[in-house]
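Single-letter residue listing:
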Amino acid sequence: MSKKPHARLPTRFERPAAGTLLAFLAFVAFLAWSFSAAGVSVSELVTGLPNMAKIASEMVPPATDRIVPTMRSVLVTFQMALVGTVIGILISLPLAVLMSRNYAPHPAVRSVIRSLVSFIRTIPDLAWALFFVASVGLGPFAGTLTLIMDTIGFCARFFAESIEEVDDGPPEALSAIGASRLSVIVCATLPMAMPSLINSSLFALEKAVRSSVVLGLVGAGGIGAELATSMELFRFDQAATIVLMIFLLVLSVEKISSRARTSLLKKRQ
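Quick notes on the overall build of the chain
- Secondary structure assignment for the chain yields 10 helices and zero strands.
- Walking the chain from its N terminus toward its C terminus, one meets helices and strands in the order α-α-α-α-α-α-α-α-α-α.
- With the C-alpha coordinates of the chain rotated into their principal frame, the extents come out at 75 × 65 × 40 Å.
- The 269 residues of the chain split such that 35% are buried.
- Sequence separation of 24 or more characterises 75% of the internal contacts of the chain that already satisfy a separation of 6 or more.
- Just so you have it, the chain exposes about 16,900 Å², and 69% of that area is on carbon and sulfur atoms.
- Charge separation in the chain, taken as the distance between the mean sites of 23 positive and 17 negative side-chain charges, equals 9 Å.

Structure representation (structure tokens):
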């Protein structure tokens, strides 16, 4: 009688290596420590539920006494996001070319530009907003400058990756017939990468709209300032109106952006 082959557990049930097990235990220990450092408390959450319910009840019904100024602030918020995104995209394109592997004039230039973009991306939006508010004063201009920096940090990286992924055939063909590097980039590389560039730009606009709301909390203009004032004055009904308008703004931008991306994909097919 032949022996039955020894049953082997699936790969997902194999015993982990000692190093992997130690790393996992270290992660669990650090996560538990992080819960403590973050001040997570179920008892405080339960205690705060009545206060949440009270605030929520004071938000209903939303106030309509400042509907017109609020709508103006929403418009300013979108204008900040739009201008900041457009200027940021225009600056990101040449930076992306300089930091791409296939078109950087020198590895040192690529390294410097990539480090600069990483530095811009590392600094939080609120830090940029505080810097520009201290530099140019309160108002939408400080918020627009902040969104320009945020867009550069976001778009330059993804633009560079899109340029690096372009097929080498058409650019090499143009180079073979004597076209300059700038002509190759403008006439072959950028048109081939355009769908990806547009897609990243639309995501940047969505991101800028959401960020512009928060920037108003530190005096950088837009609807965030209205929201901060309403909360400080305990006018939660006004805050509810502002939140609803922010929701409609973000939803509208996301819907339009989604349709634009869908239309773009259909054209590529």
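What follows continues from the structure just given.
With respect to the nonpolar core
- Counting 49 residues, the largest nonpolar core has Val 209 and Ile 246 as the members making the most contacts within it.
- Broken down by secondary-structure element, the contributors of at least two residues to this core are helix H3 (67-98), helix H4 (107-122), helix H5 (125-136), helix H6 (140-164), helix H8 (181-215), helix H9 (223-232) and helix H10 (236-268).

Re the side chain of Thr 241
- Mapping Thr 241 onto the fold places it in helix H10.
- Excluding residues within four positions of it along the chain, Thr 241 makes contact with Pro 62, Ala 63 and Ile 67.

Remarks on the pattern of salt bridges
- Taken as a whole, this structure holds seven salt bridges when the rule is applied.
- Arg 235 is paired through a salt bridge with Asp 65; the nearest N and O atoms lie 3.6 Å apart. Placement of the pair is Arg 235 in the loop between H9 and H10 and Asp 65 in the loop between helix H2 (42-58) and H3, with a sequence separation of 170 residues.
- What makes Arg 235 partly exposed here is its relative accessible area of 28%.
- Under the relative-accessibility criterion, Asp 65 is labelled exposed at 52%.
- Within the structure, one salt-bridge network assembled from shared partners comprises Asp 65, Arg 235 and Asp 237.

Remarks on unusual backbone geometry
- With omega at -5 degrees, the peptide bond leading from Val 60 into Pro 61 counts as cis.
- By the secondary structure assignment, Pro 61 is in the loop between H2 and H3.
- Positioned with a positive phi, Phe 234 is a non-glycine residue whose angle comes to about 60 degrees.
- Turning to its location among the elements, Phe 234 is positioned in the loop between H9 and H10.

Some words on the packing of H4 against H6
- Where H4 meets H6, the closest approach of the two axes is 8 Å, and the angle between their N-to-C directions is 140 degrees. As far as their axial angle goes, H6 and H4 are oblique. Our pair here, H4 against H6, has a crossing hand that is left-handed. Touching Arg 110, Arg 114, Val 117, Ile 120 and Arg 121 of H4 are Met 149, Ile 152, Gly 153, Ala 156, Arg 157 and Glu 164, all from H6.
- Across the contact of H4 with H6, the residue classes break down as five nonpolar, one polar and five charged.

Conventions we followed
- Residues numbered from 1 in each chain as written.
- Predicted model: local features only at pLDDT ≥ 70, side-chain atom pairs only at ≥ 80, totals over all residues.
- Heavy atoms only, no water.
- Helix = DSSP H or I, 4+ residues; strand = E, 2+ residues; numbered from the N terminus.
- Buried < 20%, exposed > 50% of the residue type's maximum accessible area, 1.4 Å probe, protein only.
- Contact = heavy atoms within 4.5 Å.
- Areas by Shrake-Rupley, 256 points an atom, 1.4 Å probe, with all protein chains shown as cover.
- Lys, Arg positive; Asp, Glu negative; His and termini not counted.
- Charge placed at Lys NZ, Arg CZ, Asp CG, Glu CD.
- Core = buried A, V, L, I, M, F, W, Y, C linked by side-chain atoms within 4.5 Å.
- Salt bridge = Lys/Arg side-chain N within 4 Å of Asp/Glu carboxyl O.
- Axes fitted to C-alpha atoms, helices over the stretch in contact; angles between N-to-C directions.
- Parallel < 35°, antiparallel > 145°, perpendicular 65-115°, else oblique.
- Left-handed = near helix turned anticlockwise from the far one by under 90°.
- Nonpolar A, V, L, I, M, F, W, Y, C, P; charged D, E, K, R; others polar.

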